[in-house]
Amino acid sequence: MTHIDAGAELDPVHPVALPGARSAGLTRAEVAERVARGEVNDVPVRSSRSMGEIVRANVFTRFNAIIGVLWLIMLFVAPIQDSLFGFVILANTGIGIVQEWRAKQTLDSLAVIGEARPTVRRDGTAVEVATSEIVLDDLVETGPGDKIVVDGVCAEADGLEIDESLLTGEADPVLKRPGDQVMSGSFVVAGGGAFRATKVGREAYAAQLAEEASRFTLVHSELRSGISTILKYVTWMMVPAATGLVITQLVVKNDNLKAAVARTVGGIVPMVPEGLVLLTSVAFAIGVIRLGRKQCLVQELPAIEGLARVDTVCLDKTGTLTEGGMDVTELRALNGADEPYVRKVLGALGESDPRPNASLQAIIDAYPDSEEWRCVESLPFSSARKYSGAAFSEGDGEASTWLLGAPDVLLPQDDPALSETERLNEQGLRVLLLARATRDLDDPEPARGARPTALVVLEQRLRPDAGDTLRYFADQRVHAKVISGDNAVSVGAVAAKLGLSGTAVDARRMPADRQGMAEALDEGTVFGRVTPQQKRDMVGALQSGGHTVAMTGDGVNDVLALKDADIGVSMGSGSEATRAVAQIVLLNNSFATLPSVVAEGRRVIGNITRVATLFLVKTVYSVLLALLVVCWQVEYPFLPRHLTLLSTLTIGVPAFFLALAPNKERARPHFVRRVMRYAVPGGVVAGAATFATYLLARHYYTGAGSLEAETSAATLTLFLVSMWVLAIIARPYTWWRIALVAAMGAAFLLVLVVPALQEFFALKLVGVTMPWTAVAVAAVAAAALEFLWKWVGRRFPA
């Protein structure tokens, strides 16, 4: 079969259309000239932060500055063991840099795998190039699903329809003809063609927006914004507490400046939750690395967190529940049609579309083209229309026009062929109708009056892992909604085969208003005959009902919904447009990877919530101790070395293991409230118990060395209470959690019994009375903690 091309040859330098054969595009010499002049599409691709940015982000922080100044002071006025906290900060910062650098390596390598490669015509040959290799005046070929990567002028068009909604907000596709402008950031929804690049690099309309919007980022997540809010409050508390502490210690220790400075720094350092931001970054970074090993590209880090918060996932059937390919299983001629003739028609229709979708590809595979037929006009498939068409000049000189698409769209509701279609759909089969049109393809309603000729029965290949994935979501109380452009009964049968029960709803009969649509979505599970705009409306309706929505898809009809969903998930083999707007791209095209992403997000959020409580309990009791010391006008009970030891054993080491542990708890909102409701009572109890022991010890011990004895007793109480906080945070217990808590207790015991460690940390329990008093106070505090946290859990549920 021959295909008539209605194209125009373009002069490569001047945008004047010249009549004649299709353009050969630029020559190699012309490309080289433009590269030399810098007329290249050099917009940076989406990537992670540079190494310099990673170092700056981890080193130059507000709290590192505070700790750094205090560390330098301590190096001059106190023994090295009182400066240990500075070395801990150096180690933490180093760990943060290394982990984020590893995440950067993973992201960059995956981005190269998933990068789109547009097709350009050079020296008359179509070649794939990287987006950054497009030069000014390049002739770029496009087809359904392709994203327009640079601005240009349409040179060739064969039913070319472009969706510019991502730029203009207008949902209706725009039909393009030679000479029309095409804008970067839009994408092709139907037809094909080519355009000449007129603006490349940073001059392109969407280049700056794309560069800004798609850059790797650690912001815009509830977790990170919540931690920033907490740190802001901490700063406000630190300033008055630290100021009062400095003045008090200088007055109390007026005869010993160095000792006053050491005790003052000992009070300020623990107020800083220095490891909290580090652990959050490390947890996210390790999440990216783990998912990268499973060929999952996380285009924005908060997407890991976002998918963990999802309670509704909308699935497109094709490419998600089923594999892309299909097989023709049967051809049923209607109204006495001649089957050999029908086969010729199908073969010609297959040849008429240069970029066939999965259904048409199955027909091409089943029915070879007839050389005598030639296509004189074509109407590409559109998700909005649900059919395609072509007009032919047959071998014997006859002319005919044919439509191929959804039977329930092309036929009136009372047509007998629909009942046959319904029976096939109930078996999960896909059915297309071949109809002979009585109107021209450029008619406003080309399907009106079409005569049914044959039913083409297609069998879809189910993804072997789809059933297990749907069961996982059901177990995790995540509602799955199948939203497809196919026949509702057929989609429902496919979903039922995968174990997803529920009523199949024809979207054409759904309420148009948002509230009515939201109610219908809550009641139904499977929705068919959904238009691209309806998919978008459905996502909005679910969100209006308080749902956090993820949308999966791989076709251009999914782009609008993917963009509006809380989390968009695209298949790596999907269209370039879907990959561009999705936050998560499954490069292995496996729907079964999604549970890993959900699990990783839940691990990050759940564990950071746990360890944030640990860090902030320390901040609260540090501020409270400073205020109590100021009010009582006494020496601060601790040196920096004591609190470095306590922080390491009760927070630093345990938090690292707890932050990376498995955690399947569903992510819940209100991070700040959930953390602070436990951190405040925990810190108050720990600070009050510690200061009570300190005051008792001040009355008990007298003479030389009394301050060291008082400090040791207070340290014992604070350690025991902090260990109880850790024991509560570590619940529910597993063998390794118990071992972790026990190991921290054993390490502290080692310090108390080994003389060298006693001397190094200035910790020595004197007598029997005060050590046991310290234990008794800690026991009362532990009981108070249990009561308070249970009461808080009931009084302020998350």
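Below, the structure is looked at part by part. Here the structure is a predicted model, which means the values were calculated and not measured.

Some points on the overall build of the protein chain
Argument step 1. Within the protein chain, the regular secondary structure consists of 27 helices and 24 strands.
Argument step 2. C-alpha extents for the protein chain along the principal axes are approximately 120 × 60 × 40 Å.
Argument step 3. Relative to its 798 residues, the protein chain shows a buried fraction of 57%.
Argument step 4. Only carbon and sulfur atoms are counted for the fraction: they give 58% of the accessible area of the protein chain, which is about 32700 Å².
Argument step 5. Once the 75 positive and 86 negative side-chain charges of the protein chain are each reduced to a mean point, those two points are 12 Å apart.

Describing the sheet that holds strand β11 (residues 296–298)
Hydrogen bonds between backbone atoms are what pair the strands of a sheet, whose relative direction is either parallel or antiparallel.
Argument step 1. The eight strands lie next to each other as β11-β24-β23-β22-β12-β19-β21-β20, forming an open sheet whose pairing is mixed. Across the chains shown, the open sheet's two edge strands, defined by having one partner strand only, are β11 and β20 (504–506). Looking at each pair of strands side by side, their axes are set apart by 20° on average, direction ignored.

Side note on a negative patch on the surface
Argument step 1. Residues D513, E519, D522 and E523 make up a contiguous surface patch of negative charge.
Argument step 2. A relative accessible area of 45% places D513 in the partly exposed class.

Some details on helix α17 (residues 514–523)
Argument step 1. All of the buried residues in α17 are G516, M517, A518, A520 and L521.
Argument step 2. At its buried positions, α17 is contacted by β19 (479–483), β21 (526–528) and α18 (532–544).

Structural notes on the pattern of salt bridges
Argument step 1. Taken as a whole and assessed by the stated rule, the structure comprises 28 salt bridges.
Argument step 2. Two residues, E445 and R448, come together in a salt bridge whose shortest N-O distance is 3.2 Å.
Argument step 3. Taken together, the shared-partner salt bridges connect D408, D506, R508, R509 and R529 into one network.

Points about the side chain of T717
Argument step 1. Within the secondary structure layout, T717 lies in helix α24 (residues 706–729).
Argument step 2. Classification of T717 as buried rests on a relative accessible area of 0%.
Argument step 3. Setting aside residues up to four positions removed in sequence, T717 forms contacts with A689, T690, T693, A774, V777 and A778.

Description of the packing of helix α3 (residues 62–77) against helix α8 (residues 257–268)
Argument step 1. Contact geometry for α3 and α8: axes closest at 10 Å, N-to-C directions at 150°. One element, α3, and the other, α8, form an angle in the roughly antiparallel class. Taken as a pair, α3 and α8 cross one another with a handedness that is left-handed. For the pair formed by α3 and α8, the contact residues are L70, I73, M74, F76 and V77 on the first element and K258, V261, A262, V265 and I268 on the second.
Argument step 2. Each residue belonging to the contact of α3 with α8 can be placed in one class, and the counts come to nine nonpolar, no polar and one charged.

Topic: the packing of aromatic side chains
Argument step 1. Enumeration according to the criterion identifies 15 aromatic pairs in this entry.
Argument step 2. An angle of 10° between the planes, with centres 3.9 Å apart, marks the rings of F719 and F748 as stacked. In this pair, F719 sits in helix α24 while F748 sits in helix α25 (residues 735–753), placing the two residues 29 residues apart along the sequence. A single burial state applies to F719 and to F748, both of which are buried.

Description of helix α9 (residues 274–292)
Because each turn of an α-helix spans 3.6 residues, side chains separated by three or four positions end up pointing in the same direction.
Argument step 1. The terminal C-alpha atoms of α9, which comprises 19 residues, lie 28 Å apart, in line with the 27 Å expected from a rise of 1.5 Å per residue.
Argument step 2. Buried residues dominate α9, accounting for 16 of its 19 residues.

Quick notes on the nonpolar core
Argument step 1. Within the largest apolar cluster, 88 residues are counted, with the highest numbers of intra-cluster contacts made by F85, I608, V611, L614, F671 and F748.
Argument step 2. Element by element, the count of residues in this core is highest for helix α21 (residues 594–632), at 14 residues.
Argument step 3. Leave out the neighbours within four places in its chain, and V611 touches L279, A655, L658 and A659.
Argument step 4. Formed by 36 residues, the second largest nonpolar core is a distinct cluster that contains C296, V310, M571 and V597.

Some details on the pairing of strand β15 (residues 387–393)
Along a regular strand, successive side chains alternate from one face of the sheet to the other.
Argument step 1. When you tally the buried positions in β15, you get seven out of seven residues, the bulk of the element.
Argument step 2. Of the two faces of β15, the one carrying Y387, G389, A391 and S393 and the one carrying S388, A390 and F392 are both buried.
Argument step 3. Bridge count for strand β14 (residues 374–379) against β15 is five bridges, and the pairing is antiparallel. The partner of C375 across the bridge, within β15, is F392.
Argument step 4. Note that β15 and strand β16 (residues 399–405) share seven bridges and pair antiparallel. Within the sheet, the bridge partner assigned to A391 lies in β16 and is T401.
Argument step 5. Hairpin remark: β15 followed by β16, antiparallel, with five residues in the connecting loop; positive phi at G397, about 95°.

Some words on the state of the cysteines
Argument step 1. Under the counting rule described, the total for this entry stands at zero disulfides.
Argument step 2. A disulfide-free cysteine, C296 has its sulfur positioned 19 Å from the sulfur of C314, the nearest such atom.
Argument step 3. Judged by relative accessible area, which is 1%, C296 ranks as buried.

Cut-offs applied
The residue numbers shown here count from 1 along each chain, following its written sequence. In view of the model being predicted, local features appear only for residues whose pLDDT reaches at least 70, and side-chain atom pairs are presented and counted only at 80 or more, with totals across whole chains, interfaces and linings using the full set of residues. Here the side-chain values reflect all heavy atoms present in the structure, with hydrogen atoms and water set aside. Only DSSP runs of H or I covering at least 4 residues are called helices, and only runs of E covering at least 2 are called strands; the numbering of each starts at the N terminus. Burial status follows relative accessibility: with a 1.4 Å probe on protein chains alone, a residue under 20% of its type maximum counts as buried, one over 50% as exposed, and anything between as partly exposed. The protein chains shown are the only cover counted for residues, whose accessible areas, like all others here, come from Shrake-Rupley with a 1.4 Å probe. A residue counts as positive if it is Lys or Arg and as negative if it is Asp or Glu; His and the chain ends are not included. Charge coordinates come from a single atom per side chain, which is NZ of Lys, CZ of Arg, CG of Asp or CD of Glu. Pairing between two strands is assigned when DSSP locates at least 2 bridges connecting them. Between the N-to-C directions of two axes lies an angle of 0 to 180 degrees, each axis being a line fitted to C-alpha atoms and, for a helix, fitted only over the stretch in contact. Any residue with relative accessible area above 30% and no salt bridge may belong to a patch, with like charges joined within 9 Å and the nonpolar Val, Leu, Ile, Met, Phe, Trp and Tyr side chains within 5 Å. Salt bridges are counted wherever a side-chain nitrogen of Lys or Arg sits within 4 Å of a carboxyl oxygen of Asp or Glu. A contact between two residues is defined here by any heavy atoms of the two lying within 4.5 Å. The labels follow the angle: roughly parallel below 35 degrees, roughly antiparallel above 145, roughly perpendicular from 65 to 115, and oblique for the rest. Here is the rule for handedness: rotate from the far helix to the near one, and if that takes an anticlockwise turn smaller than a right angle the crossing is left-handed, while a clockwise turn gives right-handed. For this scheme, ten residues count as nonpolar: Ala, Val, Leu, Ile, Met, Phe, Trp, Tyr, Cys and Pro. Four count as charged, namely Asp, Glu, Lys and Arg, and the remainder, Gly too, count as polar. Each Phe, Tyr or Trp ring, with Trp reduced to its six-membered ring, pairs with another whose centre is within 6.5 Å; inter-plane angles below 30 degrees give stacked pairs, above 60 give edge-to-face pairs, and intermediate values give tilted ones. Helix span, as expected, comes to 1.5 Å for every residue beyond the first. Nonpolar cores were defined as sets of buried Ala, Val, Leu, Ile, Met, Phe, Trp, Tyr and Cys residues, with membership established by side-chain atoms within 4.5 Å. Two cysteine sulfur atoms form a disulfide, by the criterion used here, when they sit within 2.5 Å.

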